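Residues per chain, in single letters:
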Amino acid sequence: MSEPDNIRYGVFLMPDAKTSAAVASITGFVGAQFGLVSAERFPPHVTLAGSLPIAVSEEDLLEVVNAVAARHVPFEIWNSGIRRLGDAAVVFDVHRAASGEPNAALIDLAADVANAVQPLLRPVDSLAADIRGRESWRGHLSLASHELLDRADLRDEVEVFIHQLDIAHPSSFPAQLVAVFRLHHQSWSGPWWTSFGWEHLRSFRLGDP
C-alpha cells in the first residue's frame, strides 16, 4: 500500500510588507475579475523549492533550511515589474539585479536550498517536487499562474488588466527571511490549487547562526 501523500512543504523567500501588500492586492483583483484563484491562495513569496514530499521528519527539514539560511547574508532584490513567465503566468520579475544581470546572490540561495532538500525527498506518483536547476530557475512572485496554463485565451487580457491596475510596489526590497510552509491537499492531483491549504511553520533570518 502506498504511503499517504497529503502533506508537502514549500521553502519560500518572503518579500517585504509593501511588496506583499501589492501582490495580495493584485491577486485579489485578478480573482474578482477573472475567477483565477491560484496566485491568491498562496502567501506572497518567491519559491526557492516547492511541493516537497519529504522522507524525513519536519524538524529535520527545518534544520536543513536553517543551515542554508545561516550560510547566506541578506542582500537586495530588485523588482523589474510585471512580466510573463514562460507562455502563461504573469509575475513580478525579481530575477535580475539593478545592472540587468541575473541576481547572483538570489540564484545562489535558490540553488543551495535545492541541493540541500533534494536528498530529503521521497518518491511520489502525484505532483512532482518543484526543484529547478540554476539555469532553469527564475525568481518571481506570482500574480496569475496555474489556471493560465489552460486558458491561453485569457493570458494577454489578464496581463493588460494587471498593468492597468497600476498598483504601486517597491522597486527593490531586502532579502532577509526564508520561511518553511506546510502544504495540505488530499491528493495533489487535478486542480489542487483551488482547494489546498497551508500553514507557516518557521522563518529563518539570512546570516543568523
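Notes on the structure in this doc start here.

Quick notes on the rules
Residues numbered from 1 in each chain as written. Predicted model: local features only at pLDDT ≥ 70, side-chain atom pairs only at ≥ 80, totals over all residues. Heavy atoms only, no water. Helix = DSSP H or I, 4+ residues; strand = E, 2+ residues; numbered from the N terminus. Rg over C-alpha atoms; globule rule 2.2 N^0.38 Å. Buried < 20%, exposed > 50% of the residue type's maximum accessible area, 1.4 Å probe, protein only. Contact = heavy atoms within 4.5 Å. Areas by Shrake-Rupley, 256 points an atom, 1.4 Å probe, with all protein chains shown as cover. Lys, Arg positive; Asp, Glu negative; His and termini not counted. Charge placed at Lys NZ, Arg CZ, Asp CG, Glu CD. Pairing = 2+ DSSP bridges. Axes fitted to C-alpha atoms, helices over the stretch in contact; angles between N-to-C directions. Core = buried A, V, L, I, M, F, W, Y, C linked by side-chain atoms within 4.5 Å. Polar contact = N/O pair within 3.5 Å; in protein donor to acceptor, adjacent residues only side chain to side chain.

## Describing the overall build of the protein
Alright, step 1. Along its length, the protein carries five helices and nine strands.
Alright, step 2. Listed by position from the N terminus, the elements making up the protein come as β-α-α-β-α-β-β-β-α-β-α-β-β-β.
Alright, step 3. Taking 17 Å as the expected radius of gyration for a compact globule of 209 residues, we find that the protein reaches 17 Å, a close match to that expectation.
Alright, step 4. With respect to the principal axes defined by its C-alpha atoms, the protein has extents near 45 × 40 × 30 Å.
Alright, step 5. When the 209 residues of the protein are sorted by exposure, 46% land in the buried category.
Alright, step 6. Once local pairs closer than 6 in sequence are excluded, the contacts in the protein between residues at least 24 apart make up 81%.
Alright, step 7. Taken as a whole, the protein presents about 10,100 Å² of accessible surface, with 51% of it coming from carbon and sulfur.
Alright, step 8. With 16 positive and 26 negative side-chain charges, the protein shows a separation of 1 Å between the mean positions of the two kinds.

## A look at the sheet that holds strand E4 (residues 82–85)
Alright, step 1. Here three strands make up an open sheet; going across it, the order is E4-E5-E6 and the pairing antiparallel. Each of the sheet's edge strands pairs with one partner strand only, and the pair in question is E4 and strand E6 (140–144). Averaged over all adjacent pairs, the angle separating strand axes in this sheet is 45 degrees, with direction ignored.
Alright, step 2. Contacts from helix H1 (residues 17–34) reach strand E5 (89–93) and E6, with the element oriented near 25 degrees to E6.

## Structural notes on the nonpolar core
Alright, step 1. By size, the foremost hydrophobic cluster in this structure holds 49 residues, and its most contacted members are Leu13, Leu48, Leu109 and Val158.
Alright, step 2. Here the element with the most residues in this core is helix H4 (residues 104–117); it accounts for seven residues.
Alright, step 3. Ignoring any residue separated from it by four or fewer positions in sequence, one finds Leu109 in contact with Leu13, Leu48, Val68, His72, Phe75, Val178 and Leu206.
Alright, step 4. If you look at the next biggest cluster of nonpolar residues, it comprises ten residues, including Phe12, Met14, Trp188 and Trp193.

## Notes on the side chain of His45
Alright, step 1. Relative to the assigned elements, His45 resides in the loop between helix H2 (38–41) and strand E2 (46–52).
Alright, step 2. A polar atom in the side chain of His45 sits 2.6 Å from the backbone oxygen of Pro43.
Alright, step 3. Filtering out sequence-adjacent residues up to four positions away, His45 remains in contact with Phe12, Leu13, Met14, Pro15, His140 and Leu141.

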